[in-house]
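# Coordinate analysis (summary)
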Amino acid sequence: MTNGPSTALVQAGTIRPEDFGNHITRRLSSMKGQYLDQTAYERMLGQEDSLLYEVYELLRPEKEGELLSGLSIVHPGKVGNEYFMTKGHFHEVLETAEIYLCLSGRGMMVMETPEGDWSVKELTPGVSLYVPPRWAHRSVNTGASEDLVTYFIYPAHAGHDYGTIETRGFRKLVTEGADGPQIIDNPKWVEAAV
Ligand code: F6R
Ligand code: ZN
C-alpha cells in the first residue's frame, strides 16, 4: 500500500488485479443458508463449489478520513430460481453510507434498515446508487449471461457486519419469475429478538 495518490482502471472489462491490493473471492460454500431452495443449493454444491462473486479493493488504512473503493463483480447464475448475489451486510459503523456505480451488466440492489424499511433498486450501466447510513445492502445479478460489475466507495472505518444477515436473511429476495426478475418476501426471514 502506498500513502500517496494511486490510480486504477475501473472500466468494465479492464480489470488489472495489480491495481488493487485486495482480491476477495466468494464461492457457493460461503452462502450456506442464504438461498431459499436448500435442495438446489446442496445439489449444486455437490457438483462444484462455484465462484459467485469477486471484489477488487484498493488497500487503504481502515480509519476515519480514508475511503475504500473498488470493483464488485457478481457472476451470472442461479441457485434454484434465485440469482447469484453477494452475502450482503450492514456496516459495523451503522451510520456510514456507500455509493455504487453500475459499470456493466444488469441487477438489483436489495436494501433494508434495522427499523423495517426496505428498498430494491435496479442496477444498469450508468446508474449511481446512494446507499444511506443504516441500510444493509446486497447486489444481485439478474442478467442471463453477463457479469454485474459495480464500482463502490465507502468510508474506510465502516467495517462489515455479516452476522446479522447470516442469521436473519434479507426481508426481500430476487427470484426469476415467469416475466423475469421478481421481488418476493423471504419466508425464512427472522425477526430480531427484542
Ligand atoms: C463494501 C461493499 C461492497 C461489497 C461487495 C461484496 O462495504 O458494500 O464492496 O463488499 O459488493 O459484497 P459482500 O461484502 O456483502 O460480500
Ligand atoms: Zn457495504
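Quick caveat, the model's predicted, so the values are computed rather than measured. (Residues numbered from 1 in each chain as written. Chains lettered and ligands numbered in written order. Predicted model: local features only at pLDDT ≥ 70, side-chain atom pairs only at ≥ 80, totals over all residues. Heavy atoms only, no water.)

### Brief notes about the environment of His157
Selection criterion: Put simply, DSSP H or I for four residues or longer makes a helix, DSSP E for two residues or longer makes a strand, and each gets a number counted from the N terminus. We call two residues in contact when some of their heavy atoms are within 4.5 Å.
Inspection of the secondary structure assignment puts His157 in the loop between β12 (148-155) and β13 (160-161). Sequence spacing of His157 and Leu67 is 90 residues, and the spatial spacing of their C-alpha atoms is 8.1 Å. Filtering out sequence-adjacent residues up to four positions away, His157 remains in contact with Glu62, Lys63, Glu64, Val93 and Thr96.

### Quick notes on the side chain of Thr86
On the secondary structure map, Thr86 appears in the loop between β5 (82-83) and β6 (90-91). What Thr86 contacts, discounting residues up to four positions off in sequence, is Met31, Tyr53, Ser72, Val74, Arg138 and Ser139.

### A look at the coordination of the zinc ion (ligand 2)
Rule in force here: Water is absent from the atoms considered, so a metal site may look incomplete; donors are defined as N, O and S atoms within 2.8 Å of the metal, or 3.2 Å for Na, K and Ca.
Of the protein atoms, only His89 (NE2), His91 (NE2), Glu98 (OE) and His137 (NE2) coordinate the zinc ion (ligand 2), at distances of 2.1 to 2.3 Å. Considered as a linear motif, the donors of the zinc ion (ligand 2) on their single chain read H-x1-H-x6-E-x38-H. Highlighted residues: His89 in the loop between β5 and β6 and His137 in strand β11 (residues 136-141), separated in sequence by 48 residues.

### Let's talk about the site of ligand 1
Which entries qualify depends on this criterion: Proximity is defined per residue: any heavy atom of the residue falling within 4 Å of a molecule or strand makes that residue near it. We define a polar contact as two N or O atoms separated by no more than 3.5 Å, with the added condition that, inside protein, one atom must be a possible hydrogen donor and the other a possible acceptor, whereas residues neighbouring each other in sequence contribute only through side-chain atom pairs. Per-residue and other accessible areas follow the Shrake-Rupley method at a 1.4 Å probe size, with only the shown protein chains counted as cover for residues. Residue polarity is assigned by list, with Asp, Glu, Lys and Arg as charged and Ala, Val, Leu, Ile, Met, Phe, Trp, Tyr, Cys and Pro as nonpolar; anything else, Gly included, falls into the polar class.
With respect to spatial proximity, 16 residues lie near ligand 1, and among them Tyr53, Gly88, Tyr100, His160 and Tyr162 are the closest. Within the side chain of His160, a nitrogen or oxygen atom sits 2.8 Å from an oxygen atom of ligand 1. Contact with the protein chains covers 97% of the free accessible surface of ligand 1, which is 400 Å². Among the secondary structure elements, those contributing two or more residues to the shell around ligand 1 are β2 (51-57), β7 (98-104) and β12. Within the shell around ligand 1, the residues separate by chemical class into six nonpolar, seven polar and three charged.

### Observations regarding the packing of aromatic side chains
So the rule is basically this: Aromatic rings from Phe, Tyr and Trp, taking only the six-membered ring of Trp, are treated as a pair when their centres fall within 6.5 Å; an angle between ring planes under 30 degrees marks them as stacked, one over 60 as edge-to-face, and anything in between as tilted. Buried means the residue's accessible area, taken with a 1.4 Å probe over protein chains only, is under 20% of the maximum for its type, while exposed means over 50%, and partly exposed covers the values in between.
With the rule as written, the count across this model stands at four aromatic pairs. Taken together, a centroid distance of 6.4 Å and an interplanar angle of 50° make the contact between Tyr100 and Phe152 tilted. Here Tyr100, found in strand β7, pairs with Phe152, found in strand β12; they are 52 residues apart in sequence, far enough to count as distant. Among the residues examined, Tyr100 registers a relative accessible area of 7% and is labelled buried.

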